[in-house]
Amino acid sequence: VLLGADPINDCPDADLARRALAGARRIISVDTLPSESTQLADVVLAAAAFGEKAGTTTNIEGRVSPLAQQVTPFGTTRPDWMIALELGLRIGDASFGPDHPLRSVSTVDQVTELIERHEPAQLAAVTFSATPRNSYDYRLVVSRKLYDRAVGTEMSRSLVNLAPGSAAHVNPLDLDALGVTEGDDVKLVSSKASTVLPVTADDKVPRGVLWAPFNQPGGSIEEIIDATAPVTDVRIERV
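Residues numbered from 1 in each chain as written. Predicted model: local features only at pLDDT ≥ 70, side-chain atom pairs only at ≥ 80, totals over all residues. Heavy atoms only, no water.

## A few points about helix H2 (residues 14–23)
- For H2, every residue scored as buried is listed here: Ala14, Ala17 and Leu21. End-on, the buried residues of H2 take up no more than an arc of 60 degrees, which puts them together on one face. Pointing more than 90 degrees away from the buried face of H2 are the exposed residues Arg19, Ala22 and Gly23.
- Of the residues that open H2, the one with a side-chain oxygen 3.3 Å from the backbone nitrogen of Asp15 is Asp13. (Buried < 20%, exposed > 50% of the residue type's maximum accessible area, 1.4 Å probe, protein only. Helix = DSSP H or I, 4+ residues; strand = E, 2+ residues; numbered from the N terminus. Arc of directions from axis to C-beta. Polar contact = N/O pair within 3.5 Å; in protein donor to acceptor, adjacent residues only side chain to side chain.)

Next up, the structure:
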């Protein structure tokens, strides 16, 4: 079940996402706009977009902000909680037992009240040990930018040109050591695959590290990442 998710573009390891979707017996997508992953779904349920529904949103710090409906939903789209509730009821007692509190829910305010009463789950502690560095490879670090190839951005005329694009960011001193100039294309080689990106000097990146935003137009850093490995180290070669 894809809840507003596009794993092929949302996950740093694109190959892993493609294999996961290919191995699923059935795919249900609950989304507002058609994405690359939605195209693979057996069933697509149209969800109301931001501004078309009331409720709350919780950011990564746990801060809750109220949302007010400002726009009439298009066609037969519905808020996510309505879709989830009907799916649960249609599945039957395996999902919502006879005494489940969601069986009595009919408004978004009642959903919000249930969320406020719910005790948040405690996440298990995660331990991580990175493999030792060597003096030849660069340690790859990837992260998001505010604007990328997200379907909501690409389908908005006012946002589509704000994505910065793909590039390999390295410390200026490393750029000199590589013998390349800013804007040159370089080949990045990992234990999994290789890709070509333009290189740029970035004094915020430590020496020996290569930083790249993923899900950006003009590149495919996702193709060289192995999500099963603790780290991804890459060689940088001149093209």
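And the narrative resumes.
## What to know about the pairing of strand S9 (residues 194–201)
- By the bridge criterion, 3 bridges tie strand S7 (residues 168–170) to S9 in an arrangement that is parallel. Note that in S9 the partner of Val170 across the bridge is Ala201.
- Here strand S8 (residues 185–189) runs beside S9; their pairing, made up of 5 bridges, is antiparallel. Counted as the bridge partner of Asp185 is Pro198 from S9.
- The antiparallel hairpin formed by S8 and S9 contains 4 residues in its connecting segment. (Pairing = 2+ DSSP bridges.)

## Remarks on the sheet that holds strand S2 (residues 28–31)
- Strand order in this open sheet of 3 strands is S1-S2-S3, and the pairing throughout is parallel. What marks the edges here is a single partner per strand, and that holds for strand S1 (2–3) and strand S3 (43–46).

## Some points on the environment of Val231
- With respect to the helices, strands and loops of the structure, Val231 is situated in the loop between strand S10 (209–213) and strand S11 (233–238).
- Classification of Val231 as buried rests on a relative accessible area of 19%.
- If we ignore the near neighbours within four places in the chain, the residues touching Val231 are Phe128, Ala130, Thr131 and Arg139. (Contact = heavy atoms within 4.5 Å.)

## A few points about the pattern of salt bridges
- The final tally for this structure, using the stated rule, is 16 salt bridges.
- Across the pair Arg149 and Glu154 runs a salt bridge whose closest N-O atoms are separated by 4.0 Å.
- Looking at Arg149, the relative accessible area reads 27%, which means it is partly exposed.
- One network of salt bridges, in which partners are shared, links Asp13, Asp15, Arg19 and Lys192. (Salt bridge = Lys/Arg side-chain N within 4 Å of Asp/Glu carboxyl O.)

## Remarks on helix H3 (residues 80–91)
- Spanning 12 residues, H3 covers 17 Å between terminal C-alpha atoms, matching the ideal 16 Å at 1.5 Å per step.
- Looking at H3, one finds that the buried residues are Trp81, Ile83, Leu85 and Gly88.
- Looking at the buried positions of H3, the neighbouring elements they touch are S2, S3 and helix H4 (108–117).
- Of the residues trailing H3, Gly92 is marked for its positive phi of about 105 degrees. (Expected span 1.5 Å × (residues − 1).)

## Some remarks on the side chain of Asp6
- Residue position: Asp6 is located in the loop between S1 and helix H1 (7–10).
- This buried residue, Asp6, is left without a salt bridge; Arg149 holds the nearest opposite charge, at 6.8 Å.
- A polar atom in the side chain of Asp6 sits 2.7 Å from the side chain of Asn9. (Lys, Arg positive; Asp, Glu negative; His and termini not counted.)

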